[in-house]
Amino acid sequence: MIRPFLKYPGCKFRIMDRINKTLPESKVLCDFFVGSGVTMLNTDYERYILSDINPHLIRLYQTLQAHPSKLIALVESTFTQLNNESSVYYRTREAFNHHTDESDPDGLLRSSLLVWLNRHGFNGLVRLNGKGELNVPFGSFKKVIAPLKAMEIFSEKSQRATFYCRDYASAFKATRHLRDVSYYLDPPYVVEASQRNGFTGYAGNRFSHKDQERLMGFAKRRGERTKGGVVISNHDTKLTRELYQDATELMSFPVRRTISCNAQKRGYAQELLARFG
């Protein structure tokens, strides 16, 4: 399996073998919560249609796709031990948040800053606040290595892909004309009613229960049209079992969680794969 160059919360690297066994064969794979891009890296479709609502993430992928050598060289120049300091991190984060596309038309500088911040920030989060600003704290790692080879691999595979910054509803509507297509969807995890402060999004938005229901509706309808070509991952809970009760197939298995301020609480939880169609 190929690891993505970004550290990313909820990355499905550990379960890609299960996802691959669940996804049907087709010419095109659509992923509307692309995140780290791990699904693209570890599948073999002729074409990929990938999207996310985080504009900085999509700009990074588009820049790496178009200017791999320049971006990788710029990233390499920033990864020094002298820069691995809290004060440098927060200055860099402020510069990233106040950067403008007018001064960086190719996206090279801001994209390189995002890679650096991702590797030096806490737990590999790519989290935006309501203003669209990165708000991840410093990670305090002893040593940070630039993911240069992983970026090269991503760039090569991304030549099969088209990246869009848009929400899942717009993405479904834009791909409704496709026939020989499969879908993998990895939305923010469902939050139980008891989890009042449960996490529901990384890009300054909140992915509500209504969004979960609406996404399931899209998946069910598109799954019927593509004869089983839609797979969704989520927590395995009573709520998700009710939400995905019309799925053609449900698969549950334990997965180690990596997002918690307390490392001792990063235990195992049940993951659910639901296939529609």
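Residues numbered from 1 in each chain as written. Predicted model: local features only at pLDDT ≥ 70, side-chain atom pairs only at ≥ 80, totals over all residues. Heavy atoms only, no water.

Trainee: Tell me about the sheet that holds strand β6 (residues 249–256), and name the residues and values.
Mentor: The seven strands lie next to each other as β3-β2-β1-β4-β5-β7-β6, forming an open sheet whose pairing is mixed. Unpaired on one side and paired on the other, β3 (161–165) and β6 mark the two borders of the sheet. In this sheet, adjacent strand axes meet at a mean angle of 15 degrees when their direction is disregarded. The strands that helix α9 (residues 209–226) touches are β4 (181–185), β5 (230–235) and β7 (268–276); relative to β5, the one it contacts most, it runs at about 150 degrees. (Pairing = 2+ DSSP bridges. Helix = DSSP H or I, 4+ residues; strand = E, 2+ residues; numbered from the N terminus. Axes fitted to C-alpha atoms, helices over the stretch in contact; angles between N-to-C directions. Contact = heavy atoms within 4.5 Å.)

Trainee: If you had to explain the packing of helix α4 (residues 68–78) against helix α6 (residues 108–120) to someone new, which residues and values would you point to?
Mentor: Following both chains from N to C, one finds α4 and α6 inclined at 50 degrees, their axes separated by 9 Å at the closest point. Accordingly, the angle class assigned to the pair α4 and α6 is oblique. Once α4 is placed against α6, the crossing between them reads as right-handed. Across from K70, L71, L74, V75 and T78 in α4, the residues of α6 making contact are L108, L109, S111, S112, V115 and W116. Class assignment of the residues belonging to the contact of α4 with α6 gives a composition of seven nonpolar, three polar and one charged. (Parallel < 35°, antiparallel > 145°, perpendicular 65-115°, else oblique. Left-handed = near helix turned anticlockwise from the far one by under 90°. Nonpolar A, V, L, I, M, F, W, Y, C, P; charged D, E, K, R; others polar.)

Trainee: So what's going on with the packing of aromatic side chains? Which residues, and what values?
Mentor: One pass over the structure, following the stated rule, counts 18 aromatic pairs. Ring centres 6.1 Å apart and planes at 80 degrees place the aromatic pair F5 and Y61 in the edge-to-face group. You can see F5 sitting in the segment before α1 (16–22) and its partner Y61 sitting in helix α3 (residues 55–66), a full 56 residues away along the chain. Of the two residues, F5 and Y61, neither departs from the other in class, the shared state being buried. Ring plane angle 80 degrees and centroid distance 5.0 Å describe the contact between F32 and F172, whose orientation is recorded as edge-to-face. Of this pair, F32 sits in the loop between β1 (28–31) and α2 (38–41) while F172 is found in helix α8 (residues 168–174), placing the two residues 140 residues apart along the sequence. (Phe/Tyr/Trp six-rings, centres within 6.5 Å; stacked < 30°, edge-to-face > 60°. Buried < 20%, exposed > 50% of the residue type's maximum accessible area, 1.4 Å probe, protein only.)

Trainee: Now, about the side chain of S233: what can you tell me, with residues and values included?
Mentor: The topology assignment puts S233 in strand β5. A residue is classified by how much of its surface remains accessible, and S233, at 0% relative accessible area, is buried.

Trainee: Can you explain α6? Please cite residues and give values.
Mentor: Over its 13 residues, α6 extends 18 Å from the first C-alpha to the last, a length consistent with the 18 Å expected when each residue adds 1.5 Å. Across the 13 residues of α6, twelve count as buried, placing the element largely inside the fold. Among the residues making up α6, those that are buried are L108, R110, S111, S112, L113, L114, V115, W116, L117, N118, R119 and H120. Contacts made by the buried residues of α6 are with α3, α4, α5 (86–97) and α7 (148–157). (Expected span 1.5 Å × (residues − 1).)

Trainee: Residues and numbers for α9, please.
Mentor: End to end, α9 covers 25 Å across 18 residues, agreeing with the expected 26 Å (1.5 Å per residue, within 8%). Along α9, the positions that sit buried rather than exposed are D211, Q212, L215, M216, G217, F218, A219, R222, G223 and T226. Here the buried face of α9 lies against α8, β4, β5, α10 (238–243) and β7. Within two residues after α9, K227 carries a phi angle of roughly 55 degrees, on the positive side.

Trainee: A description of the pattern of salt bridges should follow, citing residues and the corresponding values.
Mentor: Under the definition given, this model contains seven salt bridges. The partner of D236 in a salt bridge is R241, and the shortest N-O contact between them spans 2.9 Å. It is possible to trace a salt-bridge network through shared partners that takes in K12, D186 and E271. (Salt bridge = Lys/Arg side-chain N within 4 Å of Asp/Glu carboxyl O.)

Trainee: So what's going on with the packing of α3 against α6? Which residues, and what values?
Mentor: Viewed as axis vectors pointing N to C, α3 and α6 meet at an angle of 110 degrees, and their least axial separation amounts to 9 Å. As far as their axial angle goes, α6 and α3 are roughly perpendicular. As α3 packs across α6, the resulting crossing turns out to be left-handed. Contact residues: α3 offers H56, L57, R59, L60 and T63, while α6 offers L108, R110, S111, L114 and V115. The residue makeup of the contact of α3 with α6, split by class, is five nonpolar, three polar and two charged.

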